[in-house]
Amino acid sequence: MSRGGRHIYAAISVLAAGALVLTGCSEGGSKTGNNDKNDKEQQENAARQQSSIPFGDAKDSEGPAPEVPGAKSGGTISVLARDSYAHLDPGQIYVQDEMAVSQLIHRGLTGYKATSNDGKKHEVVGDLATDPGTTTDGGKTWKYTLKDGIKWEDGSPITSKDVRHSVERLFAPFINQGPPYLQQWLADTPGADYRKLLPDGPYEGKHLPDSLLETPDDKTIVFKFKTARPDLPYALAMAGYAIVSEKGDTKTKYDKAPVAAGPYKIQEFKSGKSMTLVRNENWDAKTDPVRHQYVDRFDITFNHQYEQSTKALLADSGKDQTAVSFSNAVDAGNLSKVLSDPSLKDRTVSGYQPYVGQININQAHPELKDIKIRQAIAYALPVTPFVRAYGGTDAMEPAGGILSPTVAGYDAAFDPWGKKKKPAGDPEKAKKLLEEAGKVGMKLTFGYINTPEGQQYSTAMAAGLEKAGFDVQRQEIPAETFYDQVSQLDNNYDIFHTAWGADWPSASTVIPPLYDGRAIAEGAQNYSQINDPKINSEIDRISKITDPVKAAAEWGKLNEYIVKDVVNVVPTAYYKQTQIAGSKIGGLVYDDVISGVDPRRLYVK
């Protein structure tokens, strides 16, 4: 998933945790007095995220969700957000800030239930369904039964017709920003060819056949795949597969005014300014094992940069005492202070995220098809400015590959471009390659996200590339629509930075979405538009390996081939996250699955 403000869900049934040796950055960031303790805790956090998350049973799937110790009902929580929500339609949600708010307004067939009060333990349960799914043939056929008493915000019942409609509309052309897994599995094809299965979605009267998706009555849904899909319960827990109201579907307009099934509904949304969430009176806690409805309302305001939201929460006065941010991290200038101040411990949370930052080298642009130019970019690019912009080694760690420390297959020693040893880059090596290619002075258009951090790191990164002989032209992209713009096939950016996190801790949710050449499509996540035959064939081969340990090793090898030999991306950093809340916010934890504050358990003290 993309990190807009930041995404993720994480889990897989059978992955074993691996030992991690994490290499810190030797320069480029803040240091804290208790850095060793923080590093140890974060290493443990990363290793824990590789561990298996089990499936619960029907009993575990019953509501209400376990009570949060000390929780009270009532009050208003202010939410300080940087970016407005570009998408609220579940099918279009694939970035972290939108995924965070979706926890409150949307529901799916399955979900992640916290089984501890510290955000460290979870199980996959039935959310709208009575259990996380049943299969008797190894994952080719999955059956779900809807619970009694589940309703939309208007009081109408949620039925299997809504589920069918939600699945079928994913094939429509206007749904182009969300996850592709379920669609590809139903079509039994990689890449974007799944759209051929139902080109217009359900809107022209056509439907998926019962041989793929069966809804024999209002309560029953049966998925039928040609290839076993044992990870379906994890996929269905993603925000991108939450249920959409058939009756309330307004197609493209649904993106700004969705119908709620969760504990909160949208009272008002002024794009770019604010959103107000209020209690959904037709949500029944007895049907929901995952969420709470402690707070009367959430007042969300946008355009709060990290420094601004951090200062407000540190000041802790007035309504900021009951304020939090779902996605904003503590800013670089205050990060050391926050992590080293014992008095702030009770309102601070932190942990590893599954995201890996990367500079994409646009393969749709002919000049960038020259491997020497891409190698020159890889050597020249400094990652120190990127790490420093977000707070140094407390916030990030220079990356060698495209697999996070939270994902099986990660190798701490892999560092083909020397970013861990020389995070400031190697302009001399890069210049030699440019001279060999006869491209000294070559123009590069660098698209950057228009935030203070983006302005800072892009300026310094551009300077590093210029030392090697590139002529870098920076071009700003609004934060709210950044991923929409860089996922356009015909964009004019030669290089641009994105971050991607595993949807569950398997590289199968990293490499195929980002680097499968058959997935190149408008709005898709193959941002570099790479179409390499070996990558495509290896994706097909490894996807068929049923032993997760063997599969992880093979994904690790493919990671090395992509970064070292194809060079369509240059990894920059592995993400960590530290967030702070007002002193009157209760239920504050860092949730490993959400990779940040869990909004479902918050209350006002």
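As a starting point, this report considers the structure included with it. On a predicted model such as this, the values are computed, not experimentally measured, just so you know.

Here is what the cut-offs are and how they apply
- Residues numbered from 1 in each chain as written.
- Predicted model: local features only at pLDDT ≥ 70, side-chain atom pairs only at ≥ 80, totals over all residues.
- Heavy atoms only, no water.
- Helix = DSSP H or I, 4+ residues; strand = E, 2+ residues; numbered from the N terminus.
- Rg over C-alpha atoms; globule rule 2.2 N^0.38 Å.
- Buried < 20%, exposed > 50% of the residue type's maximum accessible area, 1.4 Å probe, protein only.
- Areas by Shrake-Rupley, 256 points an atom, 1.4 Å probe, with all protein chains shown as cover.
- Lys, Arg positive; Asp, Glu negative; His and termini not counted.
- Charge placed at Lys NZ, Arg CZ, Asp CG, Glu CD.
- Pairing = 2+ DSSP bridges.
- Expected span 1.5 Å × (residues − 1).
- Arc of directions from axis to C-beta.
- Polar contact = N/O pair within 3.5 Å; in protein donor to acceptor, adjacent residues only side chain to side chain.
- Axes fitted to C-alpha atoms, helices over the stretch in contact; angles between N-to-C directions.
- Left-handed = near helix turned anticlockwise from the far one by under 90°.
- Contact = heavy atoms within 4.5 Å.
- Nonpolar A, V, L, I, M, F, W, Y, C, P; charged D, E, K, R; others polar.
- Phe/Tyr/Trp six-rings, centres within 6.5 Å; stacked < 30°, edge-to-face > 60°.
- Salt bridge = Lys/Arg side-chain N within 4 Å of Asp/Glu carboxyl O.
- Core = buried A, V, L, I, M, F, W, Y, C linked by side-chain atoms within 4.5 Å.

Description of the overall build of the chain
And step 1. Looking only at helices and strands, the chain has 15 helices and 20 strands in total.
And step 2. Taken over C-alpha atoms, the radius of gyration comes to 23 Å for the chain, in line with the 25 Å a tight globule of 605 residues would show.
And step 3. In terms of principal-axis extent, the alpha carbons of the chain reach across some 70 × 55 × 45 Å.
And step 4. Within the chain, the proportion of its 605 residues that are buried is 63%.
And step 5. With an accessible surface of roughly 21200 Å², the chain has 49% of that area assigned to carbon and sulfur atoms.
And step 6. Considering the chain, the positive charge centre built from 70 side chains and the negative charge centre built from 78 side chains are found 2 Å apart.

Re the sheet that holds strand S4 (residues 141–145)
And step 1. Pairing within the open sheet is antiparallel, and its three strands lie in the order S4-S6-S5. In the strand order of this sheet, the two ends are held by S4 and strand S5 (213–214), each with one partner.
And step 2. Pairing between S5 and strand S6 (residues 220–224): two bridges, direction antiparallel. Within S6, the residue paired with Glu214 across the bridge is Val222.

Some words on helix H11 (residues 452–467)
And step 1. With 16 residues, H11 should reach 22 Å at 1.5 Å per residue; the first-to-last C-alpha distance of 23 Å fits that figure.
And step 2. Considered for burial, the residues of H11 that qualify are Glu453, Gly454, Tyr457, Ser458, Met461, Ala462, Gly464 and Leu465. Taken around the axis of H11, the buried residues stretch over an arc of 160 degrees, which confines them to a single face.
And step 3. The positive-phi residue at the C-terminal boundary of H11 is Gly469, with phi of around 115 degrees.

Points about helix H8 (residues 371–380)
And step 1. Within H8, seven of the ten residues are buried, which leaves it mostly tucked inside the rest of the structure.
And step 2. When H8 is considered as a whole, its buried residues turn out to be Ile373, Arg374, Ala376, Ile377, Ala378, Tyr379 and Ala380.
And step 3. Between the side-chain oxygen of the N-cap and the backbone nitrogen of Lys372 there are 2.9 Å, and the N-cap of H8 in question is Asp370.

Section: the packing of helix H6 (residues 306–315) against helix H7 (residues 332–340)
And step 1. Running from amino to carboxyl end, H6 crosses H7 at an angle of 35 degrees, the nearest separation of the two axes being 9 Å. Crossing handedness for the pair H6 and H7: left-handed. Here H6 contributes Thr310, Lys311 and Leu314 to the contact with H7, which in turn contributes Asn334, Lys337 and Val338.
And step 2. Classifying every residue of the contact of H6 with H7 gives two nonpolar, two polar and two charged.

What about the packing of aromatic side chains?
And step 1. Applying the stated criterion across every chain, the model contains 26 aromatic pairs.
And step 2. Note on Tyr144 and Phe223: the rings are 6.1 Å apart at their centroids and 80 degrees apart in plane angle, and the pair reads as edge-to-face. Of this pair, Tyr144 sits in strand S4 while Phe223 is found in strand S6, placing the two residues 79 residues apart along the sequence.
And step 3. A relative accessible area of 0% places Tyr144 in the buried class.
And step 4. Seen from their ring centres, Phe171 and Tyr194 are 5.8 Å apart, and the 75 degrees between their planes marks the pair as edge-to-face. A residue pair is termed long-range when its members are at least 10 positions apart, and Phe171 in the loop between helix H3 (160–168) and helix H4 (181–187) and Tyr194 in the loop between H4 and S5 qualify at 23 residues. For the residue pair Phe171 and Tyr194, the accessibility class agrees, reading buried in each case.
And step 5. Each member of the aromatic cluster is reached from another via a ring pair, and the members are Phe55, Tyr144, Tyr181, Trp185, Phe223, Phe225, Tyr234 and Trp504.

Concerning the pattern of salt bridges
And step 1. Per the counting criterion, the structure on display carries 31 salt bridges.
And step 2. Of the charged contacts, one joins Arg169 and Asp89 as a salt bridge, the two residues approaching to 2.9 Å between their closest N and O atoms. Within this pair, whereas Arg169 is found in the loop between H3 and H4, its partner Asp89 is found in the loop between strand S1 (76–80) and helix H2 (96–105), the two being separated by 80 residues in sequence.
And step 3. Here Arg169 falls in the buried class, since its relative accessible area comes to 0%.

Concerning unusual backbone geometry
And step 1. Look at the link from Gly63 to Pro64: it is a cis peptide, with omega at 0 degrees.
And step 2. Among the secondary structure elements, Pro64 is positioned in the loop between helix H1 (35–50) and S1.
And step 3. Phi is positive for Asp316, which is not a glycine, with a value near 55 degrees.
And step 4. Under the relative-accessibility criterion, Asp316 is labelled buried at 15%.

Re the nonpolar core
Within soluble globular proteins, side chains that are nonpolar tend to cluster in buried spots.
And step 1. Ranked by internal contacts, the top residues of the largest apolar core, which has 131 residues, are Leu109, Leu182, Phe223, Ile377 and Phe470.
And step 2. Looking at this core, the element that brings in the most residues is helix H15 (residues 548–566), giving seven residues.
And step 3. Ranked by size, the runner-up nonpolar core spans 29 residues in total, among them Val79, Ala81, Leu88 and Ile105.

Observations regarding the environment of Glu560
And step 1. Inspection of the secondary structure assignment puts Glu560 in helix H15.
And step 2. Given a relative accessible area of 28%, Glu560 falls into the partly exposed group.
And step 3. Considering only alpha carbons, one finds Glu560 and Leu335, 225 residues apart in sequence, at a separation of 33 Å.
And step 4. Sequence-distant contacts of Glu560, that is, excluding residues within four places in its chain, are made with Asp411, Phe414 and Asp565.

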